[in-house]
Each structure stands twice: as structure tokens, then as C-alpha cells.
Amino acid sequence: MEANQTVIVEYAKANKAKQNKKQDDPIFKEVDLFEFTHQENDYDDFKREVLLPHAMSSLGPGLSVRDFNGDQYEDLIATGAKDQTSQVFYGSSNGTFQAVNLENTLHEDVGAITTDLDKNGVLDIVLASGGNEANDLTDDYYKQRIYFNGSTSPEYVSDIRLSASKVLVADLNQNGDKELYYFGRQVPGQYPSPASAYVVEYANGNWQDLTQAIAPGFNQLGMVTDAVFSDKDGDGDQDLLVVGEWMGLMWFENENGRLKKANTKGISDQIGWWSKICAADFDQDGDEDYVVFNLGLNYKYKAKNNETFDCYANDFDQNKDIDIVLGYYQKGEQYPVRGRQCSAEQIPSLTKKFHNYHTFALASLQDIYPEQELKSGIHYKANNFAHVYLENKGNGFDLHTLPFDFQASSINAAVPFDVNQDGHLDMVIAGNIFDSEVETPRSDAEFGSIAFGDGKGNFRKSSFKESGLYIPYECRSIVQLNSNGKSYFVFGNNNEAVKIYELNF
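Residues numbered from 1 in each chain as written. Predicted model: local features only at pLDDT ≥ 70, side-chain atom pairs only at ≥ 80, totals over all residues. Heavy atoms only, no water.

To continue, consider the overall build of the chain. Secondary structure assignment for the chain yields nine helices and 33 strands. Dimensions of the chain, computed from the C-alpha atoms along their principal axes, are close to 80 × 80 × 50 Å. By the burial criterion, 56% of the 505 residues in the chain qualify as buried. Counting every atom, the chain has about 22,600 Å² of accessible surface; 45% of that belongs to carbon and sulfur. Each charge sign in the chain was given a centre, from 43 positive and 77 negative side chains, and these centres are 5 Å apart. (Helix = DSSP H or I, 4+ residues; strand = E, 2+ residues; numbered from the N terminus. Buried < 20%, exposed > 50% of the residue type's maximum accessible area, 1.4 Å probe, protein only. Areas by Shrake-Rupley, 256 points an atom, 1.4 Å probe, with all protein chains shown as cover. Lys, Arg positive; Asp, Glu negative; His and termini not counted. Charge placed at Lys NZ, Arg CZ, Asp CG, Glu CD.)

Written out as C-alpha cells, the structure reads:
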């Protein structure tokens, strides 16, 4: 059409386009299936640890789905924060849910699983409790709980204490008694000290600590965020992939029921803030692959091999508390992430060494902190903050960075599922980090989306119009739930109501 014309549009003569409802409607629609609002307690992590990169007390809720009571209808557990009960939502034949409180509001629950631990044919509920509120691990706040046989009254699991992120169940030693695998998220008040993980077994009414027998490498394992059992090498037994903050992609190989740490070339040396593992055969070649989510590439913090993002921890001011120093590189020189004011709140002597903001701003990290104390304390180097796909090649892995569209924000939760029913596995994902330290903007660009797979290990991110998802929260967990012949996805959001979406495909 040429310019400088008058165009007259007559609506009466227009041809109405044919609409394909299934094609044009979003894949998901929000529904009100049941109500649960996670209520985070009021606690300021930064009062005790001024230079934390982000809060460590607000890492829930966890979600878990299974037919807990054996009535053929799927049920759901949603875990509560400190001062809030965790709840079980029992499904029914008409698609409604009945909420039951699990007694105890002392603990910060972040995860849940179900298993028949006492072998009586009834599933038991095992919660993973974390948090950062109590001073140290001697406090009962960090004990773990189990609800036997559908009871709403808890018992403690052995006498182990940890601020947990995850609990798994397995029978690696094949003695007929299942083991619980607890993974520590943190040592409370001592960021970034590596937390330990534990293996405990329940047999004949007694608890036994099997950590040294099955997984001696679990001592001071790290700040674990996720773990999954998976037969990575196709030998018929379950290996273990563990990821975490300031950790590599860590494999433990199963050698006759004993987990031995393996150094996987090109994988173990990828240090990041890994947050979530999706294990599935994404390229449809017969073995399991892994998508591992991370901080993303749109955050203030950047990391690469030649210019890492570093964390130093030591008692720099000799007051018997661990001090945190974050460092970044600019043109080959390393500088502290935090400014003079925040740094001096934790280490007051810095105001005497640097009388004004200008001199502090010009100083390198090594100019500010004594070299010996930097070297003698904890030192982590992150070199990869990207979300990645690990292609299982049988004798190793090829690491692929996910496309740019996925890197806009941190991703904490994901579920593999063939959303568009094309025979290729997709993923439903969500995330964000809201409780970052005061000088760093929060990570909030992930609104919930679908990662469409092509069956070859490639992924395409959905648009909002295509997915219909809108999860602009700090999402910590996602589960897929079947009820009344329909498929739903439940999103567990920190300090917010869960959001439930029906698959409309």
C-alpha cells in the first residue's frame, strides 16, 4: 500500500476470522481448588549477619503430592513457616479437599515426603525443617519430625539436628529397611560454612545413624539446595546428584550400597548458586538427563572462569563471629561487593582504616582485608550462574547453557511434564529471590512459564499469552496434582497464597 492515502474500514463488510479455542486459549487457567497461605514469621537475618547476600530464614514452603491415605485420590502437603502448622489436603471423589493440620508450630518446614518407614502398610509423613532463627544446632528448633501412620502428632527423627533443605528416602543397602537422607542448607548464623548431611534408618522401632557407613562424604557437604537419586550410568542402581549454593554439580556413585563422591569432568568444577534439579530423559535416548537451575544471568552478581564471584569468611575483627566478604572482578582487579557503610557495620575497624567513602571505593579487596585472613578462612569461587542442561552421553555429560530467555531470573522450582502432549517432555518453572541484601535489587523477572522440549534436549520458553501462568512471587516449589479427572499444577510461594492452575490443553 502506498503512503498518503485515506483508508476507509467498513466493519459490516469484514470477514470474521475463525477462532480455534484450543489453540488460541492459554494452556493454563487459574482455579480455586483449595486455600493455603504461607505466612513467613518476622525475622531479620541481616541483624545477626549484616553482610549476608540474601536471607536464609525464608526458604519455604515445600509441597508434596501422593495418595497418603490409600483411598485412590491424590493428596497434598503444604509446609508452614515458623509459628505456622503444615497442612495435609486430602482429596476426594468429587474433587474437593479437606485440610488437616499437622501439630507443631515450632519449626520452619521447607520440604516433605511420604514413605512407609515402619513397614505396616500405611504411609508416614516426613518433614524437612530448616530456618535460621535459632542461634545454633544444639537448639531443638533444628530437630526433624515424622508423623507415623497418618497421625497429626509428631515424633522426632533420631536426635539429629540440622537446618535442612531436603529429605529423600531410599534403601541403598538393600536390607529391607528404608533410609532417610537429610541434606543441610546452612549452619545457622555461620554463612557460608558447609552444612553436613545425614543418613538415618528406622528399624524395629529404633533409629540408627548410617552416615559413616553409607555416605562418609556427607560431613560438611555444603549448602545443599536440592538432591535427586538417579541411575546416571545405567548400571541398575541409584546414584545421587547433589547441588547447592557455592557448590559444584556433585555426583555420588553407588558402589554396592555405599555412596562415593565422583569427580565428573566438566561438571564438578561448575560452581554456582544451584537451586533445583529436573531429572528426566529429555533427549529420548534412553538415559536420564538433568536440567539444573541457578541464579540466572540477569542478577547483579556475575561469575565466569577468569573473573569469579568470590566469598571469603573469617573472623576479620576478632570478635568470635564469622564475617562475610563478597568479591567481584572489574578489569582484572577484585573489589568488595558491599560498600563502606555496610561493611563497617560488620567490621567497625574499617572506618578507622578508611576515613571516607572515596578512599574505600578506590581500594581493592586485598587493600581492605588482611591477606592472611583472606587465605586462612573459607573461600568459595563461583564461576557459573547460568541455568544449564546436562546431556547424559553414557560415559559423561555435555553441559549446555539454556537459551537467553530462561536467564532473566533465578529459578527455584520446576516439574518435568509433557504439557502440550506432543510426546516430548517439557518443564513448568517458577522462581525469584526477594530477600536480597539491601544494596542488590531483588531477582523478580520470572512470572512462571513453560520450557517446551523438542525431544532432542532443546528448550523454548513460553510467553505469558501462551502459558496463562502468572506467578510474580518468590516461588519455592511446584507439584503436579491429579483430581477429579483433571491435571493441576500447584505453586508454593513464600509468604503468599499457593496458586493453582488447571491444565487447559
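The four strands lie next to each other as β2-β3-β4-β5, forming an open sheet whose pairing is antiparallel. The sheet is open, and its two edges are formed by β2 (63–66) and β5 (97–102), each paired on a single side. Put simply, the sheet's adjacent strands are angled 20° from each other on average, direction ignored. The pairing of strand β3 (residues 75–78) with strand β4 (residues 86–91) spans three bridges and is antiparallel. Bridged to Ile77 within β4 is Val88. (Pairing = 2+ DSSP bridges. Axes fitted to C-alpha atoms, helices over the stretch in contact; angles between N-to-C directions.)

Among the secondary structure elements, Glu201 is positioned in strand β12 (residues 198–203). Here Glu201 sits buried without a salt bridge, and the closest side chain of opposite charge, Lys119, lies 8.5 Å off (N-O distance). A polar contact is formed between the side chain of Glu201 and the side chain of Asn173, at a distance of 3.5 Å. For Glu201, the contacting residues outside a window of four places in its chain are Asn173, Asn175, Asp177, Lys178, Glu179, Asn206, Trp207, Gln208 and Leu210. (Salt bridge = Lys/Arg side-chain N within 4 Å of Asp/Glu carboxyl O. Polar contact = N/O pair within 3.5 Å; in protein donor to acceptor, adjacent residues only side chain to side chain. Contact = heavy atoms within 4.5 Å.)

Okay, the sheet that holds strand β20 (residues 289–293) next. Across the sheet, four strands lie side by side as β19-β20-β25-β26; this open sheet has antiparallel pairing. Edge strands, defined here as strands with exactly one partner in the open sheet, are β19 (276–280) and β26 (397–401). Within this sheet the neighbouring strands show an average axis-to-axis angle of 20°, counted without direction. Of the pairings in the sheet, the one linking β19 to β20 comprises five bridges and is antiparallel in character. Note that in β20 the partner of Ile277 across the bridge is Val292.

Across all of its chains, the model carries 31 aromatic pairs by this definition. For the ring pair Tyr301 and Phe309, a centre distance of 4.4 Å and an interplane angle of 20° mean the geometry is stacked. No difference in accessibility class separates Tyr301 from Phe309, as the two residues are buried. One residue, Lys143, lies across the ring of Tyr156, its end atom 4.3 Å from the ring centre. The ring of Trp251 carries Lys232 above its face, with NZ or CZ at 5.5 Å from the centroid. (Phe/Tyr/Trp six-rings, centres within 6.5 Å; stacked < 30°, edge-to-face > 60°. Lys NZ or Arg CZ within 6 Å of the ring centre and 35° of its normal.)

Attention now goes to the nonpolar core. Among the nonpolar cores identified, the biggest contains 22 residues, and Tyr191, Trp246, Trp273, Tyr301, Phe309, Leu326 and Phe385 are the most heavily contacted of them. The set of elements that each furnish at least two residues to this core consists of β21 (309–314), β22 (323–330) and β24 (378–382). Not counting residues up to four positions away in its chain, the partners in contact with Phe385 are Gly272, Trp273, Asn294, Leu295, Gly296, Leu297, Tyr301, Lys302, Ala303 and Phe309. Of all hydrophobic cores here, the second largest spans 21 residues; its members include Ala170, Leu172, Tyr181 and Met250. (Core = buried A, V, L, I, M, F, W, Y, C linked by side-chain atoms within 4.5 Å.)

Once that is clear, we can look at the environment of Ile146. The residue Ile146 is located in strand β8 (residues 143–147) in this model. Residues Ile146 and Tyr182 lie 36 residues apart in sequence; the distance between their C-alpha atoms is 13 Å. Sequence-distant contacts of Ile146, that is, excluding residues within four places in its chain, are made with Leu117, Asp124, Ile125, Val126, Ser153, Pro154, Glu155, Val157 and Trp207.

For the rest of this paragraph, the subject is the pairing of strand β29 (residues 449–453). Every other side chain in a regular strand lies on the same face of the sheet, so the side chains alternate between the two faces. With five of five residues buried, β29 lies mostly within the body of the structure. In the sheet, strand β28 (residues 426–431) pairs with β29 via three bridges, with the strands oriented antiparallel. Paired with Ile429 across the strands is Ser449, a residue of β29. As judged from the three bridges shared by β29 and strand β30 (residues 459–461), these two strands associate in the antiparallel manner. Across the sheet, Phe452 pairs through a bridge with Arg460, a residue of β30.

This paragraph deals with the layout of surface pockets. A probe as big as a water molecule, rolled over the atoms, marks out the empty space that is left. In this structure, the largest pocket occupies an estimated 1,400 Å³ of space. Contributing to the lining of the largest pocket are 50 residues, with Lys166, Asp226, Ala227, Lys276 and Ile277 lying nearest its centre. No other element matches strand β10 (residues 163–170), which puts six residues into the lining of the largest pocket. By residue class, the composition of the lining of the largest pocket is 28 nonpolar, 13 polar and nine charged. (1 Å grid on protein atoms, 1.4 Å probe; cavity = no way out; pocket = protein on both sides within 12 Å on 5 of 7 lines; lining within 4 Å. Points joined across faces, edges and corners; volume = space filled by probe spheres on them. Nonpolar A, V, L, I, M, F, W, Y, C, P; charged D, E, K, R; others polar.)

In this section: the pattern of salt bridges. Across all of its chains, the model carries 19 salt bridges by this definition. Salt-bridge contacts for Arg145 lead to Asp109; the nearest nitrogen and oxygen are separated by 2.9 Å. Of this pair, Arg145 sits in strand β8 while Asp109 is found in strand β6 (residues 108–115), placing the two residues 36 residues apart along the sequence. Asp109 shares its class with Arg145; the two are buried. Among the ionic pairs, Lys461 bridges to Glu446, the shortest N-O distance being 2.8 Å. With a gap of 15 residues between them, Lys461 in strand β30 and Glu446 in the loop between β28 and β29 connect regions that are remote in the sequence. Assigned by exposure class, Lys461 and Glu446 land together as buried. A cluster of three or more residues bridged by salt bridges with shared partners is formed by Asp140, Lys143, Asp159 and Arg161.

For the coordinates displayed, the defined rule picks out two cavities of 30 Å³ or more. Taken together, Leu51, Ile324, Val325, Leu326, Pro336, Val337, Arg338, Ser343 and Tyr369 make up the full set of residues lining the largest cavity. The leading source of residues in the lining of the largest cavity is β22, at three residues. Residues of the lining of the largest cavity, tallied by class, amount to seven nonpolar, one polar and one charged. If you add up the space inside the second largest cavity, you get close to 30 Å³. Per-class residue counts for the lining of the second largest cavity are three nonpolar, five polar and two charged.

Any link to function would need more than the numbers given here.
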